[in-house]
Amino acid sequence: MGSDTTVQAKGKIRYYEAPPPTPPAPVVVKTAAHSEFLRTGRIARYKPVWLPEERRYLTHDEVAERTGKRLEAAGETSHHRINSFHRSIKFPKIIFHHTLDERPHLGYCHVTAARTFLPRGVPVSWSFYIANFFSKIGEEETFFEHISPAYSRMYFAVAVEREAGQPLQINRTIRKNGLLFQTNDPMEAVKNVLMLGTSNEMLREIIKKL
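Residues numbered from 1 in each chain as written. Predicted model: local features only at pLDDT ≥ 70, side-chain atom pairs only at ≥ 80, totals over all residues. Heavy atoms only, no water.

Describing helix 2 (residues 60-83)
Note that an α-helix has 3.6 residues per turn; residues three or four places apart therefore point the same way.
Next up, step 1: With 24 residues, helix 2 extends 34 Å from end C-alpha to end C-alpha; this agrees with the ideal 34 Å at 1.5 Å per step.
Next up, step 2: Of all the residues in helix 2, the buried ones are His60, Val63, Ala64, Thr67, Gly68, Leu71, Ala74, Gly75, Ser78, His79, Ile82 and Asn83. (Helix = DSSP H or I, 4+ residues; strand = E, 2+ residues; numbered from the N terminus. Expected span 1.5 Å × (residues − 1). Buried < 20%, exposed > 50% of the residue type's maximum accessible area, 1.4 Å probe, protein only.)

Focus: the nonpolar core
Next up, step 1: Ile82, Phe91, Trp126, Phe128, Phe181, Val193 and Leu194 are the most contacted members of the largest nonpolar core, which totals 23 residues.
Next up, step 2: Only helix 2, strand 6 (123-131), strand 9 (154-161), strand 11 (179-183), helix 3 (186-197) and helix 4 (201-208) provide two or more residues apiece to this core.
Next up, step 3: In terms of residue count, the dominant contributor to this core is helix 3 (six residues). (Core = buried A, V, L, I, M, F, W, Y, C linked by side-chain atoms within 4.5 Å.)

Details of the pattern of salt bridges
Next up, step 1: All told, the structure shown has five salt bridges when counted by the stated rule.
Next up, step 2: Residue glutamate 65 pairs with lysine 69 through a salt bridge whose shortest N-O separation is 3.7 Å. Remark: lysine 69 and glutamate 65 occur in helix 2; sequence separation between them is four residues, near one turn of the helix.
Next up, step 3: By relative accessible area, glutamate 65 is classed as partly exposed at 47%.
Next up, step 4: For the salt bridge of lysine 208 with glutamate 205, the shortest nitrogen-to-oxygen distance reads 3.4 Å. With a gap of three residues between them, lysine 208 and glutamate 205 both fall in helix 4, about one helical turn apart.
Next up, step 5: Overall, the relative accessible area of 48% leaves lysine 208 in the partly exposed class.
Next up, step 6: Here the salt bridges do not stand alone but share partners, grouping Glu139, Glu140 and Lys176 into one network. (Salt bridge = Lys/Arg side-chain N within 4 Å of Asp/Glu carboxyl O.)

Below, the structure written as structure tokens:
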């Protein structure tokens, strides 16, 4: 899948599915060419068949579907790694994804959620996510700010809260953006999630040394 720099009237990015690479042209054996010349007096020249490039443009829904499958596959892998660390630390698998409006090749995946106590004894609920881009986590209505292609993955956890009858929201009492951690290192992400998932000091010391 590729993207086209051509912008449609509504400003949407156009995505296309590139055809498989054309196999290399067969090599003409010199002895065969010489035999043809001696038989007919003509020099046989190989004429490669050039096929025009064919592009099938994808709809944004198709791109979003492919992005979602990749994100959820990454979420499954991360959840397995986290739950494989120790039998006393198990997180629920709550995997779902969202793609960004007008940029369906970018998105993020919810992996798990839990409740823990911060060092000062403050209870907090949180959710852990994977994104296929890196950005600053905003403190206002725009959650993802200054999206950068510098890294292909971002791992982060945010404090969340839910009032009765209301959708899940960011808990901004800890930090204005609710961020508990953010990294582009998958191992660092696993360590942070494990640290949030246990209050056992012995396990915490082991996790710190990973």
